[in-house]
Amino acid sequence: MLKNYFKIALRNFKKGHAYINVAGLAVGMACCVLIALFVRDELSYDRYHENAERIVRLVEERARVGAPFAPVMQAEFPEVEQAVRLHHMFWSTPLLTVGERGFYEGRIFFADSNLFAVFSFRLLRGDPKTALAAPFSMILTETTAAKYFGDADPIGQIITYDDIHEYTVTGIVEDTPPNSHFRFDFLASFSTLYANEEFWGMPLTWTNPTAITYLLLRDPGAAEALEAAIPDFIVRHRGEEFRDWRTFRLQPLTDIHLKSKLRFETEPNGDIAYVYIFALIGLAVLLIACSNFINLTTARSAERAREVGLRKVVGAHRGQLIRQFLSESMLMSVLAGALAVALAGLALPVFNTLAGKALTMDAVVSGGMLAGLIGVVLFVGVAAGSYPAFVLARFRPVTVLKGAATPATGGAMLRKGLVLFQFAVSMVLIAGTAIVYEQLAFMQSRTLHVDDEQIVVAPMLDRSFRPQVETLKEALMQHPQVVAVSGSHRVPGQLMNGFGYVVEGGDREDPVSVRDVGVDHDFTKTFGLELAAGRGFSREIVTDETDAYLINETAAQAFGWMDPEDAVGQRIERVDGAQPGVVVGVVEDFHYLSLHHPIEPLVMHLRPFVMNLAIRVRADDLPATLASLERTWQQFTPAFPFDYYFLDDAFDSRYRAEKRAGQLVGYFALLAIFIACLGLFGLAAFSAAQRTKEIGVRKVLGATVGGLVVLLSREFVRLVGLAFVLAVPLAYVAMSRWLDGFAYRVEISWGIFLMVGSLTLAIALVTVSYQAVKAALADPVESLRYE
Amino acid sequence: MIKADHLKKVYRTDEVETTALNNVNLEIEAGEFVSVMGPSGCGKSTLLNILGLLDNPSGGTYNFLGHDVAGYSERQRAQFRKGNIGFVFQSFNLIDELTVYENVELPLLYLGMASAERVRRVEETLERVNIMHRKDHFPQQLSGGQQQRVAVARAVVASPKLILADEPTGNLDSTNGEEVMQLLTEMNEAGAAIVMVTHSPADAEYSHRIIHLFDGHIVTENFLERKYAHA
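For every chain, the first residue of the written sequence is number 1, and numbering continues from 1 along that sequence. Each chain gets a letter, beginning with A, and each ligand a number, beginning with 1, in the order they are written. Per-residue local features of the predicted model are confined to residues with pLDDT of at least 70, and side-chain atom pairs are confined, for both listing and counting, to 80 or more; whole-chain, interface and lining totals are unaffected and use all residues. Side-chain figures throughout are based on the complete set of non-hydrogen atoms in the structure, without hydrogens or water.

Trainee: Would you mind going over the pairing of strand β21 (residues 581–587) of chain A with me for this structure?
Mentor: Each regular strand shows side chains that alternate between the opposite faces of the sheet. All names here are of chain A. Within β21, six of the seven residues are buried, leaving the element largely enclosed by the surrounding structure. The pairing of strand β18 (residues 531–534) with β21 spans three bridges and is classified as antiparallel. The partner of Leu 531 across the bridge, within β21, is Val 587. The sheet contact formed by strand β19 (residues 548–552) and β21 spans five bridges and is parallel. Along β21, the bridge assignment pairs Ala 548 with Val 582. Strand pairing is assigned whenever DSSP detects at least two bridges linking the two strands. Helix and strand definitions follow DSSP, with helices as H or I runs of at least four residues and strands as E runs of at least two, each counted in order from the N terminus. Relative to β21, strand β20 (residues 571–574) runs antiparallel, the two sharing two bridges. Considered in β21, the bridge of Arg 571 is made with Val 582. Three labels apply to residues, based on accessible area from a 1.4 Å probe with only protein chains included: buried if under 20% of the type maximum, exposed if over 50%, partly exposed otherwise in between.

As structure tokens, then:
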């Protein structure tokens, strides 16, 4: 008997719209599988450490604290089993060389020798207890070791750091798993920093936040009490006046990736909000696909009322029919499940690129996901089979064989509800995508850029070369495509130092926090900054070199000068009395950081410690220009390659999370609307089939094709309209909350909703009218013959 | 075999009450071949549905094979129908997704018959209606006459005691129609009682008795020359 059911199911599959049905469900489930992989990965960060539950990170408003915290806390608090420090020179990318082979490296961490006692990084070569003990020791990851040494044994080999220091390789460690909140290519001994304190100009004091500090607690429950004991601890070591100096917190290791957004994070972290958003989208797409499947199965089952009647006439009882419909829909759902896994596997590489991940399908097979998938398959199978199974199987053969009743009307409300839901969700997703993109475009438009030109930034890594910067600038200016060149400590897009400044002679207890950057005379010209008042730096005025400041409008206001003109001629100094100077000009505010944050007060002076060279070039024929710049560069500093980036890209990378989210939401919105349309297509076909006779009669009575198309489409249009009404407030609330995460944001315009509404309506109309036109064009004699 | 007393069937909608059958008394013996004639809307199909246990009467008693089935639930009726009653419709009503063989096999499947026995019975029946060579075709690949032969095969494959035929030749040309009537006569001669609704006096000639219905009443009963085997 089961064989008979499957046979019928397969034959139905071949002939009807069942493939639409299965394809829609498969696509929906595939999306869900991908999203589940993503969410699972995001939630898995740092959990691979054996001690993950017992590790906390000591932070204040920054992710780093003074170097003495770790050793002293380990010594004084019995509940701290181990304390380990990491230091990451996030601003520098030193040149590491082995013989002739050299690369700029960014992922170098200095770590205490007990790193391996706290974290579960697996050391493949070397002694975990001593490998990071001596100064100038260095551990390489497997990949890095192969990059520098190929097949040769790296242990005991020397790596040169910026042509200044030499490190000895003392170990090889497995590559950091991608789901780590910090990832390194090199681990150098933390003792190196002490041996080198003068050179780095980086005092390893309590107040200088240099060390990312992790504590391994004996009991994870002790974190709260320990946190409460920190103020007293600081008073013990720093004196009473430091009691309220900073608020220290202990973050569980496993919270860092998704819940921490401090300054000086080692890498941009993920965001729990995106995990929720994607989980919701996954659920929504799955619901759309499922409701589609249920919808179409239900609708199509009506065509089979006759079959039900016949089966009853020849002896089937209800139980048998229920079993038949359930096993049929189960078969379809299992088929869709299998197809979904295959589709997800195929789409995974693309998804990985979009999401910036390296996910594999392994997780699907292992553990909870498979159970979840099977659960969904079973649920959908039962839900989709239930209507035909329990409602249809109840029909009395006399009625259905006469064809008098149109049994499908029973599920009509359900179907309408499901269509409404699908389209509302699709519209929310499309509106969400549109708003994300609008915000991205807005941020890009507000970012510093010079029309038709590009700003190329080249880090100045060769210290010995810095005194010759002016000569290099002159040489670069010779190039016809170069508009301006400026050397500065930092460029927009990079994090700038923060200092307290006061109006000269003002209240030192209440300084203004400002960003402070050393620039040269050409900075404003190179970055296209406009003056709001006063003048720029001048080579003619020698005193500018030592005691002139350019400030931005926000700084002027922060100092209390509401009109920029009032600021010109005022004197300011650092809170410690250093660097007094006169404000010679005020520049218009510009976004020198991402638009997530409000513009902060900024002061510029002519005492640059040049670490970056910004070159403003004409954008046409860029490759040739860059090649030419590189030749000039190499003449000056042959040991250091011309490593550059475009300022635009640097800003863009700050919006990477939003861009990714936008793209992903966009693709899922497309899929959602696609699946919804599949459903609509099937329903329209069904509805047209249901009304074949009506259409025939109307045509005989003189109805036009146009009139019939309107008649058949009207109901769906009404549903899409209603979905629109539901979607707008939902999308508005959700997107307003998302936009609240930005200091500068677009306003949600009605235009977006109008666009989304008309787009969806257009898609729905095209889908429906295909069937409507087909039905309306049919020969009425055909449709009436069956009567 | 069948004894119906004062059968009554009333259809009710919100406003209108329609009496389809009124005070019908009918006895049919095993092996008898009865034709029911009458104008459209006289209650022929309603009578057939009640006799076939597809529908319940609104009043009166109906005794089928010694059981009083008038008050049976749908489930009981379905159970009783299985193996006892076969149906042939004007519009054939084969299941399009099943082959000829599978359509005929269906009643046996619902009877829970063992596979070997099913094969034997289906093939035997297909031979009997002379459609064996088309057993793997789907209904829509067959002519109307062939489809109706399949339908007859399906009706008789479980050896029912009663075959109900609702205008079995209504959609067929005269040659095919005659063939189907021959087939039904053979089945009748093999022992099955037949009740057939028809508009065709020629078809009615094949039966032993013709009942004329008008407005839900039996108006005349004519016994024909042809004598049935078990009389």
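Trainee: Just checking my understanding: could you explain the interface of chain A and chain B for this structure?
Mentor: Put simply, an interface is often sized by how much accessible area is lost when its parts join up. The contact criterion used is simple: two residues touch if any of their non-hydrogen atoms lie within 4.5 Å. Taken together, the contact pairs 26 residues of chain A with 25 residues of chain B. Using a 1.4 Å probe, buried area is obtained as the accessible area two parts lose upon being combined, added over both of them. Here chain A and chain B share an interface that buries about 2400 Å² over both sides, 55% of which is from carbon and sulfur atoms. When residues of chain A are sorted by the area they lose upon contact with chain B, A:Arg11, A:Val313 and A:Val314 head the list and together hold 24% of the total. Any Lys or Arg side-chain nitrogen located within 4 Å of an Asp or Glu carboxyl oxygen qualifies as a salt bridge. On inspection of chain A and its partner chain B, the count reaches zero salt bridges. Contacts described as polar in this section are N or O atom pairs within 3.5 Å, which, within protein, must combine one atom able to donate a hydrogen with one able to accept it, while residues neighboring in sequence count only if both atoms come from side chains. Summed over the shared surface of chain A and chain B, the result is two residue pairs in polar contact (both at pLDDT 80 or more). Counting residues per element, the ones that place at least two in the side of chain A that touches chain B are α1 (2–15), α11 (305–313), α12 (318–355) and α15 (397–402) of chain A. Put simply, Ala, Val, Leu, Ile, Met, Phe, Trp, Tyr, Cys and Pro go in the nonpolar bin, Asp, Glu, Lys and Arg in the charged bin, and everything else, Gly too, in the polar bin. Looking at the side of chain A that touches chain B residue by residue, the classes come out as 10 nonpolar, six polar and 10 charged.

Trainee: How do you make sense of the packing of aromatic side chains when you look at a structure like this?
Mentor: Each aromatic ring pair is described using two quantities: the centre-to-centre distance and the angle formed by the ring planes. All names here are of chain A. Working definition: rings of Phe, Tyr and Trp (its six-membered ring) pair if their centres are within 6.5 Å, and the pair is stacked with planes under 30 degrees apart, edge-to-face with planes over 60 apart, and tilted otherwise. As enumerated under the stated definition, the model contains 36 aromatic pairs over all chains in all. Note on Phe 38 and Phe 278: the rings are 5.2 Å apart at their centroids and 70° apart in plane angle, and the pair reads as edge-to-face. One end of the pair, Phe 38, is in helix α2 (residues 18–43); the other, Phe 278, is in helix α10 (residues 272–302), with 240 residues separating them in the sequence. Phe 278 shares its class with Phe 38; the two are buried. In this structure an aromatic cluster arises from ring pairing among Phe 69, Phe 77, Trp 206, Phe 233, Phe 242, Trp 245 and Phe 248. In this analysis the charged atom, NZ for Lys or CZ for Arg, is taken to sit over a ring once it is within 6 Å of the ring centre and within 35 degrees of the ring normal. A cation over a ring is seen here: Lys 147 above Phe 103, with NZ or CZ 4.6 Å from the ring centre.

Trainee: Before we go on, may I ask you to explain the nonpolar core in this structure?
Mentor: Soluble, globular proteins show a tendency: their nonpolar side chains are buried together. Residue and element names in this part refer to chain A. Ranked by size, the top nonpolar core spans 98 residues in total, and within it Leu 37, Phe 278, Phe 351 and Phe 423 carry the most contacts. A per-element tally of this core places helix α16 (residues 412–446) first, with 17 residues. Leave out the neighbours within four places in its chain, and Leu 37 touches Leu 348, Leu 359, Thr 360, Met 361, Ala 363, Val 364 and Met 369. Grouping buried Ala, Val, Leu, Ile, Met, Phe, Trp, Tyr and Cys residues that are joined through side-chain atoms within 4.5 Å yields what is termed a nonpolar core.

Trainee: Would you mind going over the packing of helix α3 (residues 100–111) of chain B against helix α4 (residues 115–128) of chain B with me for this structure?
Mentor: If you want to describe how two helices pack, look at the angle between their axes and the distance between the axes. Residues and elements named next belong to chain B. Interaxial distance between α3 and α4 falls to 10 Å at its minimum, and their mutual angle equals 125°. Here α3 lies oblique to α4, going by the angle between them. Crossing angle aside, the handedness with which α3 passes α4 is right-handed. Of the residues in α4, those in contact with Val 100, Tyr 101, Val 104, Glu 105, Leu 108 and Leu 109 of α3 are Arg 118, Val 119, Arg 121, Val 122, Glu 123 and Leu 126. The class makeup of the residues in the contact of α3 with α4 is eight nonpolar, no polar and four charged. With axes taken as lines fitted to C-alpha atoms, and helix axes fitted only over the stretch in contact, angles between N-to-C directions fall between 0 and 180 degrees. Each angle gets one of four labels, with under 35 degrees taken as roughly parallel, over 145 as roughly antiparallel, 65 to 115 as roughly perpendicular, and the rest as oblique. Each crossing gets its hand from how the near helix is turned against the far one by less than a right angle, where anticlockwise is left-handed and clockwise is right-handed.

Trainee: Would you explain the pattern of salt bridges in this entry?
Mentor: Once the charged atoms of two side chains with opposite charge are near each other, the side chains can pair. All names here are of chain A. A full pass over the atoms with the stated rule returns 40 salt bridges over all chains. A salt bridge links Asp 232 to Arg 243, with the shortest nitrogen-to-oxygen separation between them at 3.1 Å. You can see Asp 232 sitting in helix α8 (residues 223–238) and its partner Arg 243 sitting in the loop between α8 and β13 (249–252), a full 11 residues away along the chain. Ionic pairing is found between Arg 243 and Glu 240, a salt bridge with its closest N-O pair at 2.8 Å.

Trainee: Help me understand the sheet that holds strand β24 (residues 645–646) of chain A, please; the structure alone is not making it clear to me.
Mentor: The strands that make up a sheet are held in pairs by hydrogen bonds between backbone atoms, and each pair lies either parallel or antiparallel. All names here are of chain A. Within the open sheet, the four strands sit side by side as β15-β23-β14-β24. Their pairing is antiparallel. Two strands in the sheet have a free side with no partner beyond their single neighbour: β15 (482–488) and β24. Pairing between strand β14 (residues 453–459) and β24: two bridges, direction antiparallel. Looking at β24, one finds that Val 457 is bridged to Tyr 645. Contacting β14, β15, β23 (612–618) and β24, helix α22 (residues 622–636) runs over the sheet at an angle of about 145° to β23.

Trainee: I tried to follow the sheet that holds strand β5 (residues 67–68) of chain B on my own but got confused; where do I start?
Mentor: All names here are of chain B. Strand order in the open sheet made by the four strands is β2-β1-β4-β5, with antiparallel pairing throughout. Looking at the sheet topology across the chains shown, the edges are occupied by β2 (17–28) and β5. Here strand β1 (residues 2–12) runs beside strand β4 (residues 59–64); their pairing, made up of five bridges, is antiparallel. Considered in β4, the bridge of Asp 5 is made with Thr 61.

Shape descriptors only; they carry no functional weight alone.
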